[in-house]
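Here are the chains, one letter per residue:
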Amino acid sequence: MKRISSPEGLETERKRILSARDPNKPCITVCTGTGCHAAGCYPVAEAFREVLKKNGIAGRIDLRNTGCHGFCEKGPLVVVHPQKILYQRVKPEDAEEVVSKTIQKGKTIERLLYEHPASGERIAREDEVPFYKRQRRTIFGDNGNIDPASIEDYLAIGGYKALATALLSMKPVDIIEQVKESGLRGRGGGGFPAGQKWESCRNAAGDKRYVICNADEGDPGAYMDRSLLEGNPHSVLEGMIIGAYAIGASEGYVYVRNEYPLAVKNLRIALDQATEWGFLGGDILGSGFDFSVKINRGGGAFVCGESTAMMASIEGYSGEPRPKHIHTVESGLYDKPTNLNNVETWANVPHIINQGTEWYRRIGTDGSKGTKIFSLVGKVNNTGLVEVPMGITLREIIYDIGGGIIGGKRFKAVQTGGPSGGCVPESLLDLPVDFDRLTEVGSMMGSGGMIVMDENTCMVDVAKYFMNFLKEESCGKCTSCREGTKRMYEVLNRITEGLGQDGDIELLEDLAFVTAEASLCALGGTAPNPVLSTIRYFRDEYEAHIRDKRCPAGVCKALITYRIAPDRCTICGRCQKACPSQAIEGKVKSKKPFKILPEKCIRCGMCYEACKFDAIEVV
Amino acid sequence: MIRFTIDGQEVQAEKGQTILPVALDAGFEIPHLCYNESVKPYGACRLCLVEVRKAGRTRMTTSCTYPVTEGIEVSTQTEGVLRARRLIIELVLAMCPGDDAIREMASELGVEDVRFEKEDKDCILCGLCARVCDEIVGANAIHFARKGSHREMIPPFEKEATTCIACGACVTVCPVDVIGMREDGEERTITRWKRTLKMKQCKVCGNYFAPWFQLEKFRQTANLPKGSFDVCPSCR
Amino acid sequence: MDMGRVESILKRYDYQHSSLIAMLQDIQAEMKYLPEDALEHMAEKLEIPLTRVFRVATFYGAFSLTPKGRHQIQVCLGTACHVRGAGRIVDTLERQLKIKPGETTRNLRFSLDTVNCLGACAAGPIVVVNGEYSGEMSPLKMEKLLKQYQKTKKES
């Protein structure tokens with residue numbers, strides 16, 4: 001029975017675990033985050049297991065499946081310890097060589113090392129790779145060092161020390177003071193001061209309190225919370241237990257999005273282990289504090305990320321938000337005082353307790369302390385999850401860490417904050433990333449999605465994409481939101497079909513006003529942001545669509561034509577073969593270049609993809 | 001007693017009331033569609049928006065759901081409120097251009113045309129029918145289904161509403177009168193919910209006065225003996 | 001659907017109303033959809049109105065009231081995938097299968113759905129067929145992948 005019943009017992013156990021581990025023992029860590037999963041990491045892990053077994057060295061070399069390392073573009077990722085050599089795009093057939101060459105002979109395998117795109121230099125150490133070098137991986141860094149299904153791994157890196165300190169050396173009000181002083185703001189999108197929320201909840205009248213972890217992560221393109229829950233679930237739990245103690249809550253819920261089965265699985269394992277070891281349940285670490293956590297799976301509704309809708313969902317209802325003049329910290333889940341925070345917010349708490357507010361406040365800007373994890377995706381070279389101090393500029397994130405735009409194309413905009421956010425143009429690339437600065441320019445931090453767009457992204461199409469999303473995800477209760485998002489989509493769709501009219505921009509602004517002002521919750525309240533920000537910074541694109549019936553980026557099907565450049569056509573016929581609507585005329589090996597018939601062309605782009613000679617252009 | 005102002009005028013209200021009924025009683029005209037004093041406020045139509053100033057902060061909110069609070073300043077005719085109202089009624093009119101009640105309300109607010117593609121819906125999704133059916137009648141026969149632009153008010157599986165007792169409460173409360181009830185001899189039909197029930201005849205006067213199904217439900221709920229509803233209310 | 005299986009799911013959650021969504025998820029996982037009689041049985045046994053069960057069953061995107069196809073195709077329409085051209089992959093599938101997202105082919109062979117974000121943005125556009133992820137997809141690659149499933153005569 002492993003149950004630990006005191007802080008002393010915890011440290012004894014930690015010493016025992018560490019003494020059985022040799023930091024110099026060779027260890028192969030294989031990233032098994034979802035991105036690497038899609039890239040095929042499990043066959044790689046299997047291959048390593050086979051190699052170690054075959055050579056009878058499984059006892060001398062550790063093999064560990066870890067959570068997401070963040071550098072998703074280069075997966076499957078493997079890091080060889082203790083040298084911390086990073087290998088990227090590893091294939092199962094590489095396993096043999098990694099073991100024999102790197103581990104046994106101490107030599108690196110050039111072709112698997114990260115290659116600097118400009119200098120061609122091969123970089124071996126993980127922390128020297130530019131992608132990682134500029135980051136500050138306080139919260140996310142441990143993902144690469146632990147097996148999420150092993151609580152012992154978590155203890156080995158100092159896990160649950162903050163919990164012991166909080167429960168046995170601090171009073172609840174002191175914990176709240178510390179969190180307030182740290183300046184921690186909610187990482188889910190609202191950016192509300194966490195300590196203040198905790199205090200209001202603690203002070204609310206009532207006999208029972210709840211804490212909730214919002215893991216609904218509905219913003220398309222954002223997957224930080226998922227990777228944190230999959231890769232280091234105990235860090236989130238530890239934060240929740242500390243928070244529950246400070247607030248006086250006896251029960252907690254983790255509401256996980258339906259589309260995250262691995263996160264649910266790893267969280268369940270962590271909950272079971274934490275309970276077994278005494279970090280959850282009754283009389284935690286001998287403090288007299290009882291606390292238990294349940295997992296609640298979402299049913300597939302973006303609106304359930306909104307706190308009152310989430311609580312309705314946990315109660316077993318459809319996710320319709322409730323009136324906001326009733327504060328959930330006073331009357332939330334089952335009408336009891338409830339404190340809801342995002343996954344990343346909870347994960348910050350143990351660090352604040354362990355290292356103190358002075359340390360925490362040194363990171364970030366005046367208004368936004370600490371670090372933030374972003375999902376850097378879209379038309380950027382190094383897509384993945386990055387953790388940076390608040391205050392770093394967009395330029396540094398996109399170019400120094402992200403490696404710039406794919407294919408050397410021109411940067412156009414970066415979309416932050418998901419469907420509630422906006423697009424930030426090139427002129428603002430030196431904007432320091434922080435809650436208030438992003439809001440000032442018409443976007444918002446949101447949960448941390450950062451979608452990079454290039455010259456071939458149509459901003460009107462982007463606005464239309466978000467409106468399509470929102471009109472489907474609106475709960476539908478408020479006329480202003482349900483009809484507002486629907487009609488904004490309708491106008492944007494018309495514009496992209498070449499049916500835009502003078503006055504459409506003003507019409508969109510009218511709809512934006514009523515949707516934002518008249519709706520009950522933040523879904524409607526922020527729905528117009530993608531439209532308004534693209535009108536603000538890319539009005540010329542709207543006008544090109546409306547007045548000239550032209551899509552400058554070459555995206556909107558109704559406004560573009562595919563054309564075969566006769567001088568580049570090799571008369572191979574690939575395009576004709578790929579065309580689903582018999583819109584290309586020509587004969588293979590004849591003297592005449594192929595030709596696209598515009599009246600039959602459905603602008604599907606298959607010919608463009610099929611042509612190996614760059615002979616097809618979009619006009 | 002809670003004292004506050006509406007458009008500069010002092011009003012008094014009881015704790016627990018919301019702004020809208022107090023304002024209407026005091027003679028202020030605030031358009032509304034989904035509010036009915038017999039059921040809990042819902043806040044779906046958004047027409048009853050007002051601006052509320054409290055502790056130095058002003059926000060736009062639905063007056064039907066906002067609880068009266070000491071010292072708040074309510075404004076019902078600000079530029080923002082009027083603009084929002086007009087846009088909302090335009091959106092409802094675009095949804096249901098055939099509803100006379102909506103056309104009338106729109107006209108009163110100065111909205112004659114819509115700038116969007118007209119749909120041909122008739123239900124304005126105010127939810128009053130379901131709210132009355134749940135809160136007062138207790139039959140729970142219909143409710144909202146789906147979400148977003150696909151939200152509708154339907155019986156389960158869009159089939160006949162099998163727990164409907166054909167009392168007609170929903171028909172009465174519907175602001176746009178799109179539910180419909182008709183009686184053909186011994187049958188009563190609630191048109192929209194495809195519910196047809198056979199009516200019971202009074203043992204004394206011979207008139208059909210209520211559906212069998214409904215009377216049975218009442219008798220069972222109130223634990224009354226058989227034969228309790230053999231005679232109609234007029235003859236009793 | 002055999003009501004015994006529904007009953008065991010209700011029992012699993014102690015007949016708690018608040019677990020309604022979890023119960024529906026378990027039924028959907030077993031049956032690949034939510035049969036009408038299962039929902040009626042739930043309302044009866046949980047002693048809640050059928051309208052409430054129906055409302056929840058139709059509100060959440062995870063649930064389907066009609067049977068899914070033998071091969072379930074999901075195209076990620078997250079922003080990153082959209083920007084990389086996921087929309088054209090949906091167009092290709094609509095053209096080939098002659099159904100729209102949310103629908104199933106009449107022979108119950110294929111269902112097509114769009115998903116909001118699968119969280120594998122680095123490898124986008126992503127298409128998932130029967131739980132198997134395929135990254136860096138394109139209209140041509142989708143046609144090829146579809147042919148593989150159209151060819152198989154045996155059960156998947």
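It should be emphasised that the depicted structure is a prediction, and the values quoted were computed from it without experimental measurement. (Residues numbered from 1 in each chain as written. Chains lettered and ligands numbered in written order. Predicted model: local features only at pLDDT ≥ 70, side-chain atom pairs only at ≥ 80, totals over all residues. Heavy atoms only, no water.)

S.K.: I tried to follow the overall build of chain A on my own but got confused; where do I start?
M.R.: Per the secondary structure count, chain A includes 23 helices and 19 strands. The C-alpha radius of gyration computed for chain A amounts to 27 Å, which stays within 12% of the reference 25 Å derived for 619 residues, consistent with globular compactness. A principal-axis box enclosing the C-alpha atoms of chain A has dimensions of 85 × 65 × 40 Å. Buried residues in chain A amount to 62% of all 619 residues. Of all intrachain contacts in chain A linking residues separated by at least 6 positions in sequence, the fraction that spans at least 24 positions is 70%. (Helix = DSSP H or I, 4+ residues; strand = E, 2+ residues; numbered from the N terminus. Rg over C-alpha atoms; globule rule 2.2 N^0.38 Å. Buried < 20%, exposed > 50% of the residue type's maximum accessible area, 1.4 Å probe, protein only. Contact = heavy atoms within 4.5 Å.)

S.K.: How should the interface of chain C and chain A be read in this particular structure?
M.R.: Listed per partner, the contact involves 38 residues of chain C and 58 residues of chain A. Surface buried jointly by chain C and chain A totals about 3700 Å² across both partners, of which 55% is contributed by carbon and sulfur atoms. Among the residues of chain C in contact with chain A, Phe59, Thr79 and Arg88 of chain C are the three that bury the most area, contributing 16% of the side total. Our enumeration of links across chain C and chain A arrives at two salt bridges. (Buried area = accessible area lost by both parts, 1.4 Å probe. Salt bridge = Lys/Arg side-chain N within 4 Å of Asp/Glu carboxyl O.)

S.K.: What should I look at first to understand the sheet that holds strand 9 (residues 187-190) of chain B in this one?
M.R.: Strand pairs in the sheet, formed through backbone hydrogen bonds, run parallel or antiparallel to each other. Residue and element names in this part refer to chain B. Pairing is antiparallel in the open sheet, where four strands are placed in the order 8-9-10-11. In this open sheet, the two strands that pair with only one neighbour each are strand 8 (181-184) and strand 11 (208-211). Averaged over all adjacent pairs, the angle separating strand axes in this sheet is 35°, with direction ignored. In terms of strand pairing, strand 10 (residues 195-201) meets strand 11 through three bridges, oriented antiparallel. The partner of Met199 across the bridge, within strand 11, is Pro211. (Pairing = 2+ DSSP bridges. Axes fitted to C-alpha atoms, helices over the stretch in contact; angles between N-to-C directions.)

S.K.: Help me understand the interface of chain B and chain A, please; the structure alone is not making it clear to me.
M.R.: Interface size, as often reported, equals the accessible area lost upon joining of the parts. Listed as interface residues are 32 residues of chain B and, on the opposing side, 31 residues of chain A. When chain B packs against chain A, close to 2700 Å² is buried across both sides, 56% of that on carbon and sulfur atoms. Applying the counting rule to chain B against chain A returns five salt bridges. Between Glu119 of chain B and Lys486 of chain A there is a salt bridge whose closest N-O contact spans 3.0 Å.

S.K.: What is the right way to look at the packing of helix 2 (residues 20-31) of chain C against helix 3 (residues 36-46) of chain C in this model?
M.R.: The geometry of a pair of packed helices is captured by two quantities: the angle between their axes and the separation between those axes. Residue and element names in this part refer to chain C. Interaxial distance between helix 2 and helix 3 falls to 12 Å at its minimum, and their mutual angle equals 145°. Helix 2 and helix 3 meet at a crossing whose hand is right-handed. Two secondary-structure elements touch here, helix 2 through Leu20, Met23, Leu24 and Ile27 and helix 3 through Leu39, Met42 and Leu46. Here the residues of the contact of helix 2 with helix 3 sort into seven nonpolar, no polar and no charged. (Left-handed = near helix turned anticlockwise from the far one by under 90°. Nonpolar A, V, L, I, M, F, W, Y, C, P; charged D, E, K, R; others polar.)

S.K.: It is not clear to me how the state of the cysteines should be interpreted in this structure. Could you clarify?
M.R.: Note: disulfide means a covalent bond formed between the sulfur atoms of two cysteine side chains. Residue and element names in this part refer to chain B. Throughout the structure, instances matching the rule amount to zero disulfides over all chains. Cysteine Cys133 is unpaired, with the sulfur of Cys167 as its nearest cysteine sulfur at 6.7 Å. Take Cys133: its relative accessible area is 11%, and that puts it in the buried class. Left without a disulfide partner, Cys235 is nearest to the cysteine sulfur of Cys232, which lies 3.6 Å away. Exposure remark for Cys235: the relative accessible area of 31% places this residue in the partly exposed category. (Disulfide = S-S within 2.5 Å.)

S.K.: What am I meant to see in the domain arrangement of chain A here?
M.R.: All names here are of chain A. When cut into domains, chain A gives domain 1 (25-81 + 85-124), domain 2 (151-360), domain 3 (371-454), domain 4 (459-546) and domain 5 (561-618). For domain 1 and domain 3, the distance between their C-alpha centres works out to 29 Å. Domain 1 puts seven residues into the contact, and the matching count from domain 3 is five residues. Between domain 1 and domain 3, roughly 440 Å² of surface is buried when both sides are summed, and carbon and sulfur atoms account for 48% of that area. The largest per-residue losses of area from domain 1 upon contact with domain 3 belong to Gly70, Phe71 and Glu73, which jointly make up 66% of the total buried on that side. (Domains from an automatic or database assignment.)

S.K.: Please clarify how the environment of Asn381 of chain A should be interpreted in this entry.
M.R.: Residues and elements named next belong to chain A. In this fold, Asn381 is placed in the loop between strand 11 (371-378) and strand 12 (384-389). Along the backbone, Asn381 and Ile406 are 25 residues apart, and their C-alpha atoms lie at a distance of 5.0 Å. Apart from residues no more than four positions distant in its own chain, Asn381 is found in contact with Glu73, Gly402, Gly403, Gly404, Ile405 and Ile406. Side-chain polar atoms of Asn381 contact the backbone oxygen of Ile405, separated by 3.4 Å. (Polar contact = N/O pair within 3.5 Å; in protein donor to acceptor, adjacent residues only side chain to side chain.)

S.K.: Whenever I open this one, the nonpolar core confuses me. Can you help?
M.R.: Here is a general trend for soluble globular proteins: nonpolar side chains tend to be buried in one another's company. Among the nonpolar cores identified, the biggest contains 126 residues, and Leu508, Val531 and Tyr542 of chain A, Trp193 of chain B together with Leu24 and Met42 of chain C are the most heavily contacted of them. When residues of this core are assigned to their parent elements, the largest contribution, ten residues, is made by helix 2 (residues 79-95) of chain B. If sequence neighbours within four positions are ignored, Trp193 of chain B has contacts with Cys129, Ile142, Met153, Ile154, Pro155, Lys159, Glu160, Ala161, Cys170 and Ile179 of chain B. Ranked by size, the runner-up nonpolar core spans 89 residues in total, among them Ala162, Leu163, Val264 and Trp277 of chain A. (Core = buried A, V, L, I, M, F, W, Y, C linked by side-chain atoms within 4.5 Å.)

S.K.: I tried to follow the packing of helix 17 (residues 459-473) of chain A against helix 21 (residues 529-547) of chain A on my own but got confused; where do I start?
M.R.: Residues and elements named next belong to chain A. It is at 8 Å that the axes of helix 17 and helix 21 come closest, and there the two elements cross at 135°. With respect to helix 21, the element helix 17 is oriented oblique. Between helix 17 and helix 21 lies a crossing of left-handed hand. Facing helix 17, whose interface residues are Met459, Val460, Ala463, Phe466 and Met467, helix 21 presents Pro530, Val531, Thr534, Phe538, Glu541, Tyr542 and His545. Here the residues of the contact of helix 17 with helix 21 sort into nine nonpolar, two polar and one charged. (Parallel < 35°, antiparallel > 145°, perpendicular 65-115°, else oblique.)

S.K.: Help me understand the side chain of Arg195 of chain B in this model?
M.R.: Residue and element names in this part refer to chain B. With respect to the secondary-structure elements, Arg195 resides in strand 10. The class of Arg195 is buried, set by a relative accessible area of 5%. At 2.7 Å, the side chain of Arg195 forms a polar contact with the side chain of Glu160. Only 3.1 Å separates the side chain of Arg195 from the backbone oxygen of Ala161, close enough to count as a polar contact. With sequence-adjacent residues up to four places away left out, Arg195 is seen in contact with Glu160, Ala161, Thr162, Thr163, Cys164, Arg188, Thr189, Ile190 and Phe213.

S.K.: Help me understand the pattern of salt bridges, please; the structure alone is not making it clear to me.
M.R.: In a structure, side chains of opposite charge can pair up when their charged atoms sit close to one another. Residue and element names in this part refer to chain A. Here the structure, examined in full by the defined rule, presents 67 salt bridges over all chains. Between Arg111 and Asp94 there is a salt bridge; the shortest N-O distance is 2.8 Å. Of this pair, Arg111 sits in the loop between helix 4 (95-104) and strand 5 (114-115) while Asp94 sits in the loop between strand 4 (85-87) and helix 4, placing them 17 residues apart in sequence.

S.K.: How should the environment of Leu285 of chain A be read in this particular structure?
M.R.: Within the fold, Leu285 of chain A resides in the loop between helix 12 (261-277) and strand 9 (292-297). With 270 residues separating them in the primary sequence, Leu285 of chain A and Val555 of chain A have C-alpha atoms 60 Å apart.

S.K.: Is there a simple way to think about the packing of aromatic side chains in this case?
M.R.: Here a ring pair, both rings aromatic, is described through the centre-centre distance and the interplanar angle of the planes. Under the criterion given, the structure shown has 19 aromatic pairs over all chains. Clustering of aromatic rings is evident, with ring pairs tying together Phe71, Tyr114, Phe131 and Tyr132 of chain A. Sitting over the face of the ring of Phe513 of chain A, Arg83 of chain B holds its NZ or CZ atom 4.1 Å from the ring centroid. Over the ring of Tyr317 of chain A we find Arg52 of chain C, and its NZ or CZ is 3.9 Å from the ring centre. (Phe/Tyr/Trp six-rings, centres within 6.5 Å; stacked < 30°, edge-to-face > 60°. Lys NZ or Arg CZ within 6 Å of the ring centre and 35° of its normal.)

S.K.: It is not clear to me how the sheet that holds strand 2 (residues 9-13) of chain B should be interpreted in this structure. Could you clarify?
M.R.: Residue and element names in this part refer to chain B. Taken together, the five strands give an open sheet; going across it, the order is 2-1-5-3-4, and neighbouring strands pair in mixed fashion. Single-partner strands in this sheet number two, and they are strand 2 and strand 4 (57-62). Taken over all neighbouring pairs, the strand axes of this sheet differ in orientation by 30° on average, direction set aside. For strand 3 (residues 49-54) and strand 4, the ladder comprises six bridges, and the chain directions are antiparallel. The residue bridging Lys54 from the neighbouring strand is Arg57, located in strand 4. Of the strands in this sheet, strand 3, strand 4 and strand 5 (73-75) touch helix 2, which is tilted by about 150° from strand 3.

S.K.: Sorry, what's going on with unusual backbone geometry here?
M.R.: Excluding glycine, most residues fall at negative phi; most peptide bonds, likewise, are trans. A cis amide bond, omega -5°, links Gly75 of chain A with the succeeding residue Pro76 of chain A. Of note, the bond from His81 of chain A into Pro82 of chain A is cis; its omega dihedral lies within 30 degrees of zero at 0°. Checked against the element boundaries, Pro82 of chain A lands in the loop between strand 3 (78-81) and strand 4. The phi torsion at Ala55 of chain B lies on the positive side, around 50°, for a residue other than glycine.

S.K.: Which parts of the structure should I look at to understand the confidence of the model for chain C?
M.R.: Low-pLDDT portions of the prediction should not be read for the details of their coordinates. Residue and element names in this part refer to chain C. Averaged over chain C, the pLDDT score is 91; the fraction of residues at 70 or greater is 96%. Of all helices and strands in chain C, the one with the weakest mean pLDDT is strand 4 (residues 132-134) (87), whereas helix 4 (residues 50-59) scores best (98). As a predicted assembly, this complex carries a pTM of 0.94 together with an ipTM value of 0.95. (pLDDT = per-residue confidence, 0-100.)

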